Every structure is written in C-alpha cells, then in structure tokens.
Amino acid sequence: ARDLAQIVFMDCSLKHLCELFDIAFSLEKNLQNMVRILYPPVLLNLSGALFFGFSVLTALFINNISLLWALKKAKQHDLISESHQENRFPPFSHGGE
C-alpha cells in the first residue's frame, strides 16, 4: 500500500498505475518462465536421490548447472526485450476508457 501511495503522490494522479500493472505483468511472466526452467533439475535431483543414489555433490552440481542455465535464459530475455524497444505486453485496460 505504501508503494501505491507513493506512485499516486508522484503527481497526484493515477496515470502511473498503468505502468505499474505492466511491470507487474512482466514480472509475473518472467517468474513463471523461471519456475518452468527450474522444474526439470529439481525433478532430476529428487528422482536421482530416491532411485539412483545421487550424492550431495551430484545434487549440488546439477543445481549449479541449472542456476547457470536459468541465468542465461534470464539474460537472453533481457537482451531480446532491449533489442525490440517496444512494449511487448498489452497495456492494462481500465474497462471504462
């Protein structure tokens, strides 16, 4: 609520709320992509520990590789969005406008 109040008090209007909703939509989409990227290594670690006798060192290795993979994908997403320079997400509609 404090952050929303600070945005409203920026210029005593609600015109910045659309940008805030666009940022929130972008963040949600990015977080969903990261969760999808990290599911396979987690499942591999679980199944490996239960059925294949993976050691802690093997699980740490898989976690580090998946972290690097996720960081690479996140950086790729940043480079793609910087190269397009247009708003990739639909603006938040207010219904009345």
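The structure under discussion appears in the preceding block.
Residues numbered from 1 in each chain as written. Predicted model: local features only at pLDDT ≥ 70, side-chain atom pairs only at ≥ 80, totals over all residues. Heavy atoms only, no water.

Engineer: Any details on helix α2 (residues 17-52)? Residues and values, ideally.
Structural biologist: With 36 residues, α2 extends 51 Å between its outermost C-alpha atoms, agreeing within 8% with the 52 Å of an ideal straight helix rising 1.5 Å per residue. The largest bend in α2 is about 30°, located at L38, with the proline P40 one to four residues further on. Of the positions making up α2, those classed as buried are L17, D22, M34, I37, P41, N45 and G48. In the segment just after α2, G53 is the residue with positive phi, at about 70°. (Helix = DSSP H or I, 4+ residues; strand = E, 2+ residues; numbered from the N terminus. Expected span 1.5 Å × (residues − 1). Bend = angle between axes of the 7 residues up to and from the residue. Buried < 20%, exposed > 50% of the residue type's maximum accessible area, 1.4 Å probe, protein only.)

Engineer: Hey, could you go over the packing of aromatic side chains for me, with residue numbers and the actual values?
Structural biologist: Counted by the stated rule, this structure contains one aromatic pair. A centroid spacing of 6.4 Å and a plane angle of 35° characterise the contact between F52 and F54, whose relative ring orientation is tilted. Since its relative accessible area comes to 29%, F54 is described here as partly exposed. (Phe/Tyr/Trp six-rings, centres within 6.5 Å; stacked < 30°, edge-to-face > 60°.)

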